[in-house]
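Observations on the three-dimensional arrangement
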Amino acid sequence: MKLLTYKTQDTEPRLGFIHNNQVVDMEDFGEISNFPLPNDMLDLIDMGFEIIEEINDLISETSQAQMDEICYSIDEIIILAPIEKPRKNIIGIGLNYTEHVAESARTLDTTGKLPAKPIIFSKPTTTVTGTNTNIVKNTKLTEQLDWEVELAVVIGKKGKYVPKENALDYVFGYTVINDISARDCRREGQWIVSKGQDTFAPMGPYLVTKDEIENPHNLNLSLKVNGVEKQNSNTKFLLFNINDLIEDLSIVFTLEAGDIIATGTPAGVGAGRNPQEWMYDGDIIEATVEGIGTIVNTIKEI
């Protein structure tokens, strides 16, 4: 199921899902189905992954005429980030594709040695923005704004000391994140100033539930700047895959429903190019993950 948070000209943010290329309002669908459903993505996740099976069963019992009464066409709505305000910081993973490790060593202050364990950082919740919004480049802070397309994992239930063989049981679904990075803002090896500025985590357009993704470790991901492809790879090249990450992270701290893990970016970032490339005012960035969709954002300098 493709879930989304959206609004219209007349509504506050609402929860919906895609059905027959239209947006169906989740709360309204619950009303016509006599099955109360929430109007917020985190509330839905809290109900457990089993709720998706219930909703799919209800959809199969609902006529198209009934659906037509509670749906919108895509061009009638504004798509927001699927989780507009996460409960906790986004969990980021650094240097998680082998070729990105190599390119970072050539141009940044990393060693080039493959990490023995996942490199963990975080992005504040205020970094989140949706598709078709501006990424703010504060020129007082950075002149080296860079892109990083990533598959993001959304956790579906609490987990501590999760063995890797059971890790995908704790996943609710997947989305796209562009881990925007100000390369000249790192401080003595700390990344949060580089990664944590407002609007530095465009996310969406959808949260796709795990039953729709046959194998999260075989998804193409790519990124374009002004229509020119800069990144193109596949999640099969993850150094630490999703199972590894969930096991490792759940040893460090308890994972909870709604937590978001950005799994890392492949090679092709601006900092790794010769000469290096950065993003400037008016640049249009398109980040895509197979089976989920594309987020499009524009750089806005202030």
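Structural data are supplied above this passage.
Residues numbered from 1 in each chain as written. Predicted model: local features only at pLDDT ≥ 70, side-chain atom pairs only at ≥ 80, totals over all residues. Heavy atoms only, no water.

**Regarding the overall build of the protein**
- Looking only at helices and strands, one finds seven helices and 19 strands in the protein.
- In terms of C-alpha radius of gyration, the protein reaches 19 Å, essentially the compact-globule figure of 19 Å for 302 residues.
- Taken over the C-alpha atoms alone, the protein extends approximately 60 × 45 × 30 Å along its principal axes.
- Classification of the 302 residues of the protein by burial places 54% in the buried group. (Helix = DSSP H or I, 4+ residues; strand = E, 2+ residues; numbered from the N terminus. Rg over C-alpha atoms; globule rule 2.2 N^0.38 Å. Buried < 20%, exposed > 50% of the residue type's maximum accessible area, 1.4 Å probe, protein only.)

**Some points on the packing of aromatic side chains**
- On inspection of all chains with the given rule, the structure shows four aromatic pairs.
- Across from the ring centre of Tyr-161, 4.8 Å away, lies the NZ or CZ of Lys-160, which sits over that ring.
- The positively charged end of Lys-210 is found above the aromatic ring belonging to Phe-49, 4.9 Å away from the centroid. (Phe/Tyr/Trp six-rings, centres within 6.5 Å; stacked < 30°, edge-to-face > 60°. Lys NZ or Arg CZ within 6 Å of the ring centre and 35° of its normal.)

**Thoughts on the nonpolar core**
- Core analysis: the biggest nonpolar cluster contains 49 residues, and Tyr-174, Ile-246, Ile-261, Val-289 and Ile-292 have the highest contact counts within it.
- Those residues in contact with Val-289 that sit more than four places away from it in its chain are Val-149, Glu-150, Leu-151, Val-176, Leu-219, Asn-220 and Leu-221.
- Of all hydrophobic cores here, the second largest spans 35 residues; its members include Leu-42, Leu-58, Ala-152 and Ile-177. (Core = buried A, V, L, I, M, F, W, Y, C linked by side-chain atoms within 4.5 Å. Contact = heavy atoms within 4.5 Å.)

**Considering the pattern of salt bridges**
- According to the stated counting rule, one finds 15 salt bridges in the structure shown.
- Residues Arg-14 and Asp-28 are paired through a salt bridge, measuring 3.8 Å at the closest nitrogen-oxygen approach. With Arg-14 in strand S2 (residues 14-19) and Asp-28 in helix H1 (residues 26-33), this residue pair connects regions lying 14 residues apart in the sequence.
- A relative accessible area of 25% places Asp-28 in the partly exposed class.
- Counted as one network, the salt bridges with shared partners bring together Lys-123, Asp-146, Glu-148, Asp-179, Arg-183 and Lys-195. (Salt bridge = Lys/Arg side-chain N within 4 Å of Asp/Glu carboxyl O.)

**Points about H1**
- Those residues of H1 that fall on the buried side of the exposure criterion are Met-26, Phe-29, Gly-30 and Ser-33. Buried positions in H1, seen along its axis, are confined to an arc of 100 degrees and lie on one side of it.
- Taken together, the buried residues of H1 touch strand S1 (2-7), S2, strand S3 (22-25), helix H2 (41-46), helix H3 (50-60) and helix H4 (64-68).
- Between a side-chain oxygen at the N-terminus of H1 and the backbone nitrogen of Glu-27 the separation is 3.2 Å; the capping residue is Asp-25. (Arc of directions from axis to C-beta. Polar contact = N/O pair within 3.5 Å; in protein donor to acceptor, adjacent residues only side chain to side chain.)

**Side note on H3**
- Of the positions making up H3, those classed as buried are Ile-51, Ile-52, Ile-55, Leu-58 and Ile-59. The buried residues of H3 occupy an angular sector of 120 degrees when projected down its axis, which confines them to one face. Of the exposed residues in H3, those oriented more than 90 degrees away from the buried face are Glu-50, Glu-53 and Ser-60.

**Side note on the sheet that holds strand S16 (residues 228-234)**
- Pairing is mixed across the open sheet formed by five strands, whose spatial order is S9-S19-S18-S15-S16. With one partner strand each, in any of the chains shown, strand S9 (133-137) and S16 form the two edges of the open sheet. Strand-to-strand twist in this sheet, taken as the mean axis angle between neighbours without regard to direction, amounts to 20 degrees.
- The pairing of strand S15 (residues 220-225) with strand S18 (residues 284-289) spans five bridges and is antiparallel. Considered in S18, the bridge of Leu-221 is made with Val-289. (Pairing = 2+ DSSP bridges. Axes fitted to C-alpha atoms, helices over the stretch in contact; angles between N-to-C directions.)

**Quick notes on unusual backbone geometry**
- Here the bond from Gly-204 into Pro-205 is cis, since omega is -10 degrees, no more than 30 degrees from zero.
- Looking at the secondary structure, you find Pro-205 in strand S14 (residues 201-209).
- In this structure, the amide linkage connecting Asn-274 to the following residue, Pro-275, adopts the cis form with an omega of 0 degrees.
- Relative to the helices and strands, Pro-275 is located in the loop between strand S17 (260-262) and S18.

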